[in-house]
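# A look at the structure
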Amino acid sequence: MLVAAEASGDALGAGLAKALRARLGDRVTFVGVGGAKMAEQGVESPFDIAQLSILGILEGLKAYPTVKARLKDTVALAAREKPDVAVLIDSWGFNIRLAHALRKLDPALPLVKYVAPQVWAYRAGRARSLAKSVDLLLSIQPMDRPYFDAAGLESVFVGNSALAKRFDHADGARLRAAIKVAPEAPLLLVLPGSRPSEIERVMPAFEDAVRRLKVDRPELAIVVPAAYTVAEAVKARVAGWPFRAHVVEDEALKDDAFVAADVALACSGTVTTELALAGRPMVVGYKTGAVTYAILKRLMKPKWITLFNIAAGKAIAPELIQDACEGDGLAREVARLLDDPALRARQTAEQNAALDKMGRGMPDPSEAAADALLKFMARRGDRLG
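Here the structure is a predicted model, which is why all the values come from computation and not from measurement.

The helix and strand tally for the chain stands at 18 helices and 12 strands. In terms of overall size, the chain behaves like a compact globule, its C-alpha atoms giving a radius of gyration of 21 Å where 385 residues would be expected to give roughly 21 Å. When its C-alpha atoms are laid out on the principal axes, the chain stretches across 65 × 45 × 40 Å. Looking at the 385 residues of the chain, the share that counts as buried comes to 54%. The average position of the 52 basic charges and that of the 46 acidic charges among the side chains of the chain differ by 5 Å.

We now examine the sheet that holds strand S4 (residues 111–114). If you walk across this open sheet you meet the six strands as S2-S1-S3-S4-S5-S6, and the pairing is parallel. Each of the sheet's edge strands pairs with one partner strand only, and the pair in question is strand S2 (32–33) and strand S6 (155–157). When S4 meets strand S5 (residues 136–139), the two strands line up parallel, connected through three bridges. Among the inter-strand pairings, Tyr 114 is bridged to a residue of S5, identified as Leu 138. Packed onto the sheet, helix H4 (residues 92–105) meets strand S1 (2–4), strand S3 (86–89) and S4 and runs at close to 160° relative to S3.

A few words on the packing of aromatic side chains. In this structure the tally under the stated criterion is two aromatic pairs. Their ring planes at 15° and their centres at 5.8 Å tell us that Phe 167 and Phe 258 sit as a pair that is stacked. In this pair, Phe 167 is assigned in the loop between helix H7 (161–164) and helix H8 (172–178) and Phe 258 in helix H12 (residues 251–260), connecting sequence segments 91 residues apart. Both residues of the pair, Phe 167 and Phe 258, belong to the buried class. Residues Trp 241 and Phe 243 carry aromatic rings whose centres are separated by 5.5 Å and whose planes lie at 50° to one another, so their mutual orientation is tilted. In this structure, Trp 241 and Phe 243 share a single accessibility class: buried. A cation sits over an aromatic face here: Arg 70 above Phe 47, 5.6 Å from the ring centre.

The backbone of Ser 91 sits at a positive phi, close to 45°, despite the residue not being glycine. For Ser 91, the position within the fold is in the loop between S3 and H4. With relative accessibility at 10%, the residue Ser 91 sits in the buried group. At Val 115, a residue that is not glycine, the phi angle is positive and equals roughly 90°. If you trace the backbone, Val 115 turns up in the loop between S4 and helix H5 (126–133). Exposure remark for Val 115: the relative accessible area of 5% places this residue in the buried category.

What follows is about the environment of Phe 258. Relative accessible area serves as the criterion here: at 5%, Phe 258 is assigned to the buried category. Sequence separation of Phe 258 and Leu 189 is 69 residues, and the distance between their C-alpha atoms is 7.5 Å.

By size, the foremost hydrophobic cluster in this structure holds 36 residues, and its most contacted members are Leu 188, Ile 222 and Leu 330. Discounting chain neighbours no more than four positions away, the residues touching Leu 330 are Ala 205, Phe 206, Ala 209, Leu 265, Val 283, Gly 285, Leu 320 and Cys 325. Ala 185, Ala 260, Leu 307 and Met 358 belong to the second largest nonpolar core, which has 34 residues in total.

Definitions and limits used
Residues numbered from 1 in each chain as written. Predicted model: local features only at pLDDT ≥ 70, side-chain atom pairs only at ≥ 80, totals over all residues. Heavy atoms only, no water. Helix = DSSP H or I, 4+ residues; strand = E, 2+ residues; numbered from the N terminus. Rg over C-alpha atoms; globule rule 2.2 N^0.38 Å. Buried < 20%, exposed > 50% of the residue type's maximum accessible area, 1.4 Å probe, protein only. Lys, Arg positive; Asp, Glu negative; His and termini not counted. Charge placed at Lys NZ, Arg CZ, Asp CG, Glu CD. Pairing = 2+ DSSP bridges. Contact = heavy atoms within 4.5 Å. Axes fitted to C-alpha atoms, helices over the stretch in contact; angles between N-to-C directions. Phe/Tyr/Trp six-rings, centres within 6.5 Å; stacked < 30°, edge-to-face > 60°. Lys NZ or Arg CZ within 6 Å of the ring centre and 35° of its normal. Core = buried A, V, L, I, M, F, W, Y, C linked by side-chain atoms within 4.5 Å.

What follows is the structure, encoded as structure tokens:
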């Protein structure tokens with residue numbers, strides 16, 4: 001059983017399912033919760049995971065009845081299908097509750113958490129909570145392990161799948177030809193997030209920034225890669241822009257867009273690591289609910305929220321967070337990069353150095369995760385092992 005409640009977890013779940021099937025063939029079948037990528041690997045989700053893509057304290061309270069209903073659906077799926085192991089992928093709020101419910105349903109069911117809560121950043125007590133709730137952690141950050149060792153939870157560092165993404169196949173010229181943009185035209189990627197709340201809170205500031213940039217740069221091409229979880233909302237907003245922008249949904253064209261762009265304006269998240277791997281300089285923006293931000297600001301240990309900034313110990317990519325995430329400031333930072341090739345080259349080089357610190361070049365994390373899971377099951381004498 002694989003359970004992912006957000007787009008980033010869906011990608012992890014699909015990679016793990018593919019790697020397990022390569023090892024086990026017809027010996028393995030999958031059930032669970034996921035999105036389009038996991039569906040391609042045979043995981044038929046009983047509901048649309050966009051319902052669970054929630055960030056923020058007030059947002060979470062409002063969505064609680066929906067989350068509770070989907071949790072009930074997921075537990076019912078487990079009760080009906082009786083899996084040999086359940087892998088709960090990222091999405092702390094939903095999956096920690098699911099872990100408790102599955103433990104109550106079947107105390108003998110092995111529970112594996114894939115992606116740790118970021119206890120090195122805030123809420124270190126979650127390490128103890130997770131240790132009481134699951135049997136194994138598959139960790140994607142090297143800084144996780146000391147916290148979970150101290151809590152008594154077995155953990156295996158498998159690497160970050162975002163760092164394994166390659167752009168060798170991507171072709172910027174193909175993207176420009178597809179959207180009829182000249183090879184020499186400046187191109188800006190706008191990535192407003194994969195959660196409905198991010199489209200609601202972050203995208204208006206990004207829209208304002210792009211409007212300001214287009215006033216001084218009418219030749220600037222705008223490409224908006226849309227996560228499938230929010231594609232309809234993104235297309236609806238872009239349709240109202242007073243200038244042309246190209247929404248890209250095809251996964252191959254998204255990769256082409258990453259290497260075609262001169263600069264990116266990105267919502268904080270996994271996509272910032274992917275942009276760095278594609279060699280794109282960027283400006284990072286983020287905005288959440290006021291109450292959530294006030295609490296997180298007190299709890300957060302690092303000065304930055306972008307992983308390669310944290311790894312480098314400095315703001316390689318500018319971060320404009322909360323009140324600073326507004327059109328004028330975002331446009332100003334993007335304009336600096338658009339107008340200064342040397343600045344773009346310097347930021348790209350520093351991003352590359354930070355990626356090396358983060359573990360770029362490790363074996364495929366999906367393969368490592370599959371191996372760790374099978375070794376764990378073998379030690380328990382379970383069928384998958």
